[in-house]
Amino acid sequence: MKTKEEIKAFTDYLQTKENREILFNEDAILADYQKNDNHQSLAIKILSIFGGILASLAFIGFLMLAGLYDSDFGLIFFGVISLGFGIGISKVHDKIIIDTLSISAYIIGFILLGFGLEKMEVHENIICCIFILISLISLCIVRTYILTFISVLMINGAIITLLVSNEFFGFVQLYTSCLAILLAVFYVKEAKFITYNSIFSKLYDPIRIALVFSFLSGLIIVSKADLIETSFEDIWITSAFCIISIIYLLSHLFEILKIHKRQHKTGIYILTVVLLLSTILSPAISGAILIILLSFLVNYKTSLVIGIIAFIYFISQYYYDLHFTLLTKSILLFSSGILFLGLYLLTHKKLKSDEKI
């Protein structure tokens, strides 16, 4: 519905559905559509990100061949210039071509700055803190979807690098647990976040999807024994927080599914806890379930697909993990299957009852 004729046809259709006369400001509606015409779909934004990354790598290769890598001052100087250019141009323009250019400059700036600081033998912890600071400043300045998304991912990557490089493996579990709680609050309180102010409403979508990817990156790290040293005393922490978040989420799902009887709620709570306790040794699985349920709660299809893909991946990874016995794997897979079948039957039954009504 982008032309005036299409808007006219749509308003005429709405008029036929009402018994009274409705007045529409067709010119204002058309102007609003034209104003929002530059908003691209998520697929276009993802392509822009990958295009920016590839362009950045190509340009970095050219700079290295030109001998810039030999000068630590040159690396830092061009890195700061690229960061400033990427942030500045995204502040002025908001088009797809400009987005790709700003992404490329932004990524190039981080890479050059990182190489320059490393050549000056700056400690890795300081470099990560500088990256976090720059990303936070970018979040305060920019209002574009993609740069906000990249900035949040940069903050997450710097924090995880800090924890892993200093061998704070227990804190990696705690950090991933905090992301689970934050993600649950972000989804459940969606309306309050969006209506808080106009600035945050623009930043909400990219921050939300960036938190999903950040949470998944944490789950991948804690679920792979060859990446960090994990023990049962540490790994159960993330699982416990994921399970608590799922239980918290169920109270909101009961309202959507119109489950009001106390005995039904209690039975579902008990069954869910028993089934999820079987995933205590694999927080990635309960984390993927959390993403799926959160996406179902707010009808966010993008993260729903991401959650399903992550769940299949984590299940496959767990099945081929040699650290667990076949019996343990069978119990976990069986419990996960029962949980999803129960959710399907519950939602299917409610949909059927709604159709009858």
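Residues numbered from 1 in each chain as written. Predicted model: local features only at pLDDT ≥ 70, side-chain atom pairs only at ≥ 80, totals over all residues. Heavy atoms only, no water.

### As for the overall build of the chain
(1) Moving on: The secondary structure content of the chain amounts to 15 helices and zero strands.
(2) Moving on: Across the 357 residues of the chain, 40% fall into the buried class.
(3) Moving on: Put simply, of all contacts in the chain between residues at least 6 apart along the chain, 71% involve residues at least 24 apart.
(4) Moving on: Accessible surface, the chain: about 20000 Å² in total, of which carbon and sulfur atoms supply 68%. (Helix = DSSP H or I, 4+ residues; strand = E, 2+ residues; numbered from the N terminus. Buried < 20%, exposed > 50% of the residue type's maximum accessible area, 1.4 Å probe, protein only. Contact = heavy atoms within 4.5 Å. Areas by Shrake-Rupley, 256 points an atom, 1.4 Å probe, with all protein chains shown as cover.)

### Brief notes about the packing of helix α8 (residues 169–188) against helix α10 (residues 198–223)
(1) Moving on: Interaxial distance between α8 and α10 falls to 9 Å at its minimum, and their mutual angle equals 145 degrees. The two elements α8 and α10 meet at a crossing, and its hand is left-handed. Contacts from Val172, Gln173, Thr176, Leu179, Ala180, Leu182, Leu183, Phe186 and Tyr187 in α8 reach Phe200, Tyr204, Ile207, Arg208, Leu211, Val212, Ser214, Phe215, Gly218, Leu219, Ile221 and Val222 in α10.
(2) Moving on: Residue classes in the contact of α8 with α10 are distributed as 16 nonpolar, four polar and one charged. (Axes fitted to C-alpha atoms, helices over the stretch in contact; angles between N-to-C directions. Left-handed = near helix turned anticlockwise from the far one by under 90°. Nonpolar A, V, L, I, M, F, W, Y, C, P; charged D, E, K, R; others polar.)

### Some points on the environment of Val185
(1) Moving on: Mapped onto the fold, Val185 is located in helix α8.
(2) Moving on: Sequence spacing of Val185 and Ser245 is 60 residues, and the spatial spacing of their C-alpha atoms is 8.9 Å.

### Re the packing of aromatic side chains
The relative placement of two aromatic rings is captured by the distance of their centres and the angle of their planes.
(1) Moving on: The tally for this structure, following the rule as stated, stands at eight aromatic pairs.
(2) Moving on: Judged by centre distance (4.9 Å) and plane angle (5 degrees), the rings of Phe186 and Tyr204 are stacked. Within this pair, whereas Phe186 is found in helix α8, its partner Tyr204 is found in helix α10, the two being separated by 18 residues in sequence.
(3) Moving on: Of the residues examined, Phe186 reaches a relative accessible area of 5% and is grouped as buried.
(4) Moving on: What makes Tyr204 buried here is its relative accessible area of 1%.
(5) Moving on: Following the ring pairs from residue to residue traces out a cluster consisting of Tyr106, Phe110 and Phe131.
(6) Moving on: Arg208 extends its terminal NZ or CZ atom over the ring of Tyr187, reaching a point 5.6 Å from the ring centre.
(7) Moving on: For Arg208, the ring lying beneath its charged end belongs to Tyr300, and the centroid distance is 3.7 Å. (Phe/Tyr/Trp six-rings, centres within 6.5 Å; stacked < 30°, edge-to-face > 60°. Lys NZ or Arg CZ within 6 Å of the ring centre and 35° of its normal.)

### Structural notes on the nonpolar core
Among soluble globular proteins, nonpolar side chains are generally buried collectively.
(1) Moving on: Judged by nonpolar contacts, the single largest core of 74 residues is most densely connected at Leu183, Val212, Phe215, Leu216, Leu249, Leu294 and Phe314.
(2) Moving on: Top element by residues in this core is α10. It accounts for twelve residues. (Core = buried A, V, L, I, M, F, W, Y, C linked by side-chain atoms within 4.5 Å.)

### Quick notes on the pattern of salt bridges
(1) Moving on: Counted according to the given criterion, the structure contains two salt bridges.
(2) Moving on: Between Arg208 and Glu190 there is a salt bridge whose closest N-O contact spans 2.8 Å. Of this pair, Arg208 sits in helix α10 while Glu190 is found in helix α9 (residues 190–194), placing the two residues 18 residues apart along the sequence.
(3) Moving on: With its nearest N and O atoms 3.2 Å apart, the salt bridge here joins Asp205 to Arg208. Of this pair, Asp205 and Arg208 are both found in helix α10, three residues apart, which corresponds to roughly one turn of the helix.
(4) Moving on: Look at Asp205 and you get partly exposed, because its relative accessible area is 34%.
(5) Moving on: It is possible to trace a salt-bridge network through shared partners that takes in Glu190, Asp205 and Arg208. (Salt bridge = Lys/Arg side-chain N within 4 Å of Asp/Glu carboxyl O.)

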